[in-house]
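Listed below, chain by chain, are the residues.
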There are 2 protein chains.
Amino acid sequence: MTSTPLPDVQALTFDVFGTVVDWRSTVIREVTATLGQGKGLDADWGAFADRWRFEGYVGGIQAIRRGERPFTTADALHRAKLDELLGELGNPLDEAEAADLNRVWHRLDPWPDSVGGLRRLGTRFIVSTLSNGNLALLVNMAKHSGLPWDCFLSADLLGHFKSDPETYLSAARALTLDPAQVMMVAAHKPDLEAAGACGLRTAFVPRPREHGPSVTVDLEPDDRFDFNATDFHDLAAQLRC
Amino acid sequence: MTSTPLPDVQALTFDVFGTVVDWRSTVIREVTATLGQGKGLDADWGAFADRWRFEGYVGGIQAIRRGERPFTTADALHRAKLDELLGELGNPLDEAEAADLNRVWHRLDPWPDSVGGLRRLGTRFIVSTLSNGNLALLVNMAKHSGLPWDCFLSADLLGHFKSDPETYLSAARALTLDPAQVMMVAAHKPDLEAAGACGLRTAFVPRPREHGPSVTVDLEPDDRFDFNATDFHDLAAQLRC
């Protein structure tokens, strides 16, 4: 086995939504099936997915981090926003149907390279989630999609959401590693900037198909990060897995 | 797929040391190799293993639960006791050797049915650790031995050691399940008694080869528990996996 470019790194921690799984395509497909085909409704399902994600989940986490809302799980944030969005459509789902649709976030499709790339990276490193999703969501998603995680670290287990510094530092502590022995892998530069500020190593894997046309994201390689890779196989090759 | 006898149960949480892995044989083999063959020492290595386990780990956890010692990890408890035991032998190991020997608890051999039985149980249930071991130890052990866990719950993540009730209740909460939707699987009746008192379901899988001749354990089936099984395959059959 050849040595890696960063021999101290022992664990890779991954952002999940957007970096490992394609939330937007999966959510659009399921809401189209459930609400469009199933209930005969017509709406912009891409906009529905974006509002669910950005107003419900991302906005909810920001409110919690600002202290404006009590700590809760991703499941609960998703459900509260789903109920609001369904209300705008005239409440077309019963409780069981709404609960099932809310669990779409537990069964998101991986990017094509995710399962194989994680398996390759796992031959050399501990591969763990480090997600604002809750544990049950991440475990169900892994079981559904065959994601070969070695470990699950999540906001609800750690008591902090990214990109609070405590999240990255307590993740390293839970792994009994120094921050410099952990590398954060994400498609989103702010996540990597925050991890890097805590002393973690960083790998940027842009996902140009994550977003719809209304969102612009910086996808350019960036020499502030230790690695820039086109997908998980490219990262594995750079890390000599 | 036929229905299970307990249709509400969605996750099985396992005691690890003794229930899933054969700590005593592995520790005896490694200390014999490192200290006996490696350093030419002669001692009762079975007694060494038992003191490391019962005085260091079990005794350490009891002291923490009684508030006599600050919360720490299984790794730290193991290391403190190892240093004491090595001191009695004249400190035969350097720091790197002692650190490596302490990690024997990260590479314990599974019982012959553990990997296959967990895989079978995992087709129907979330299979998770619920161990007083720390996360890093459990993750390394799984990677070393191919234990197909879906999830890791551990004392350091939950902030409590078994058999404090908070351990079982916060495990169910982390899985977003009611206690009655979780079944504790263990070779030790006190663990199951404590889990049952918190509303979890219980399965007893005695491991008659866990202990040496100096320890007597109650291995009899017990109708206070929901299931009594001879090994994980028998449990899988009873649960119709």
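All values reported here derive from a predicted model rather than from experimental measurement.

Q: Sorry if this is basic, but what is going on with the overall build of chain A here?
A: A tally of regular secondary structure across chain A gives 10 helices and 6 strands. Against the compact-globule benchmark of 18 Å for 241 residues, chain A has a radius of gyration of 18 Å, which places it among compact chains. Along the three orthogonal principal directions, the C-alpha set of chain A runs to about 60 × 35 × 30 Å. Scored against the burial criterion, the 241 residues of chain A give a buried share of 55%. A total accessible area of about 9,700 Å² is found for chain A, and carbon and sulfur atoms account for 50% of it. Charge-centre separation for chain A: the mean point of 24 positive side chains lies 3 Å from the mean point of 34 negative side chains.

Q: I keep staring at the side chain of T13 of chain B and nothing clicks. Help me out?
A: Position of T13 of chain B among the secondary structure elements: in strand β1 (residues 11–14). Accessibility expressed as a relative area gives 0% for T13 of chain B, which makes it buried.

Q: Is there a simple way to think about the pattern of salt bridges in this case?
A: All names here are of chain A. What the rule picks out here adds up to 46 salt bridges over all chains. A salt bridge links E95 to R79, with the shortest nitrogen-to-oxygen separation between them at 2.9 Å. Separated by 16 residues along the polypeptide, E95 in helix α4 (residues 95–102) and R79 in helix α3 (residues 74–88) bring together distant segments of the chain. Judged by its relative accessible area of 52%, E95 falls in the exposed class. Linking R224 and D222 is a salt bridge whose minimum nitrogen-to-oxygen distance equals 2.7 Å. Within this structure, R51, E55, K81, E84 and E88 form a network of salt bridges that share partners.

Q: Would you explain helix α6 (residues 135–145) of chain A in this entry?
A: Counting along an α-helix, one turn takes 3.6 residues, and residues three or four places apart therefore face a common direction. Residues and elements named next belong to chain A. Among the 11 residues of α6, 9 are classified as buried, and the element is accordingly described as predominantly covered. Those residues of α6 lying buried are L135, A136, L137, L138, V139, N140, M141, A142 and S145. The positive-phi residue at the C-terminal boundary of α6 is G146, with phi of around 70°.

Q: Any chance you could explain the packing of aromatic side chains here in plain terms?
A: Given two aromatic rings, one states the distance between the centres and the angle between the planes to describe the pair. Per the counting criterion, the structure on display carries 22 aromatic pairs over all chains. When the centroid spacing of 6.0 Å and the interplanar angle of 85° are considered together, the rings of F17 of chain A and W105 of chain A count as edge-to-face. Within this pair, whereas F17 of chain A is found in the loop between β1 (11–14) and α1 (23–37), its partner W105 of chain A is found in the loop between α4 and α5 (114–122), the two being separated by 88 residues in sequence. Ring centres of F14 of chain B and F232 of chain B lie 5.2 Å apart, and the angle between their planes is 70°; on these two criteria the pair is classed as edge-to-face. In this pair, F14 of chain B sits in strand β1 while F232 of chain B sits in helix α10 (residues 232–238), placing the two residues 218 residues apart along the sequence. The buried category is assigned to F14 of chain B, whose relative accessible area is 0%. For F232 of chain B, a relative accessible area of 0% gives the class buried. Within the aromatic cluster, the residues linked to one another by ring pairs are F17, W23, W45, F48, W52, F54, Y57 and W105 of chain A. The ring of W23 of chain A carries the charged tip of R53 of chain A above its face, separated from the ring centre by 5.3 Å.

Q: Even after reading the chapter, I still don't get the sheet that holds strand β3 (residues 151–154) of chain B, so can you show me in this structure?
A: Each strand in a sheet pairs with its neighbour through backbone hydrogen bonds, running either in the same direction (parallel) or in the opposite one (antiparallel). Residues and elements named next belong to chain B. Taken together, the 6 strands give an open sheet; going across it, the order is β3-β2-β1-β4-β5-β6, and neighbouring strands pair in parallel fashion. Each having just a single partner strand, β3 and β6 (227–228) make up the two edges of the open sheet. Docked against the sheet, helix α6 (residues 135–145) engages β2 (126–131) and β3, running at close to 145° with respect to β3.

Q: For this particular structure, what's the right way to read the environment of T34 of chain B?
A: Residue and element names in this part refer to chain B. Secondary-structure assignment places T34 in helix α1 (residues 23–37). Given a relative accessible area of 25%, T34 falls into the partly exposed group. Each C-alpha atom, one on T34 and one on P92, is 9.8 Å from the other, the two residues being 58 residues apart in sequence. If near-sequence neighbours (up to four positions away) are discounted, T34 is found in contact with K39, L93 and L101.

Q: Please explain the interface of chain A and chain B as it appears in this structure.
A: Interfaces are frequently sized by the accessible area removed from exposure as the parts join. Each partner contributes to the interface: chain A provides 19 residues, whereas chain B provides 19 residues. Both sides together, the interface formed by chain A and chain B hides about 1,500 Å², and carbon and sulfur atoms give 62% of it. Considering only the surface of chain A that becomes buried against chain B, K143, D150 and L157 of chain A emerge as the three largest contributors, covering 31% of it. For the interface between chain A and chain B, the tally reads 2 salt bridges.

Q: How do you make sense of the sheet that holds β1 of chain A when you look at a structure like this?
A: All names here are of chain A. Taken in spatial order, the 6 strands line up as β3-β2-β1-β4-β5-β6 in an open sheet, and their pairing is parallel. Every other strand in the sheet has two partners, leaving β3 (151–154) and β6 (227–228) as the edge strands with one partner each. Examined bridge by bridge, strand β2 (residues 126–131) and β3 share 4 bridges and lie parallel to one another. Considered in β3, the bridge of L130 is made with L153. Here helix α8 (residues 165–174) sits on the sheet and contacts β2, β3 and β4 (182–186); the angle it forms with β2, its principal contact strand, is near 150°.

Q: Can you help me understand helix α2 (residues 45–65) of chain B in this one?
A: All names here are of chain B. Over its 21 residues, α2 extends 29 Å from the first C-alpha to the last, a length consistent with the 30 Å expected when each residue adds 1.5 Å. When the local axis directions of α2 are compared, the greatest deviation, roughly 30°, occurs at G59. Among the residues of α2, the N-terminal cap falls to D44, whose side-chain oxygen and the backbone nitrogen of G46 are separated by 3.1 Å. At the exit of α2 stands G67, carrying a positive phi of roughly 80°.

Q: Would you take a moment to explain the relation of the copies chain A and chain B for this structure?
A: There are two copies of the chain, and a rotation about an axis plus a shift along that axis relates them. When chain A is fitted onto chain B, the two copies agree to an RMSD of 0.0 Å after a turn of 180° and an axial shift of 0.0 Å. Between the two chains, the operation in question is that of a two-fold axis. When C-alpha positions in chain A are compared against the rotation axis, the closest is assigned to L157 of chain A, at 3.2 Å. Residue by residue, 100% of the interface of chain A is reproduced at the interface of chain B, so both copies engage with the same surface.

Analysis parameters
Residues numbered from 1 in each chain as written. Chains lettered and ligands numbered in written order. Predicted model: local features only at pLDDT ≥ 70, side-chain atom pairs only at ≥ 80, totals over all residues. Heavy atoms only, no water. Helix = DSSP H or I, 4+ residues; strand = E, 2+ residues; numbered from the N terminus. Rg over C-alpha atoms; globule rule 2.2 N^0.38 Å. Buried < 20%, exposed > 50% of the residue type's maximum accessible area, 1.4 Å probe, protein only. Areas by Shrake-Rupley, 256 points an atom, 1.4 Å probe, with all protein chains shown as cover. Lys, Arg positive; Asp, Glu negative; His and termini not counted. Charge placed at Lys NZ, Arg CZ, Asp CG, Glu CD. Salt bridge = Lys/Arg side-chain N within 4 Å of Asp/Glu carboxyl O. Phe/Tyr/Trp six-rings, centres within 6.5 Å; stacked < 30°, edge-to-face > 60°. Lys NZ or Arg CZ within 6 Å of the ring centre and 35° of its normal. Pairing = 2+ DSSP bridges. Contact = heavy atoms within 4.5 Å. Axes fitted to C-alpha atoms, helices over the stretch in contact; angles between N-to-C directions. Buried area = accessible area lost by both parts, 1.4 Å probe. Expected span 1.5 Å × (residues − 1). Bend = angle between axes of the 7 residues up to and from the residue. Polar contact = N/O pair within 3.5 Å; in protein donor to acceptor, adjacent residues only side chain to side chain. Least-squares fit on C-alpha atoms with pLDDT ≥ 70 in both.

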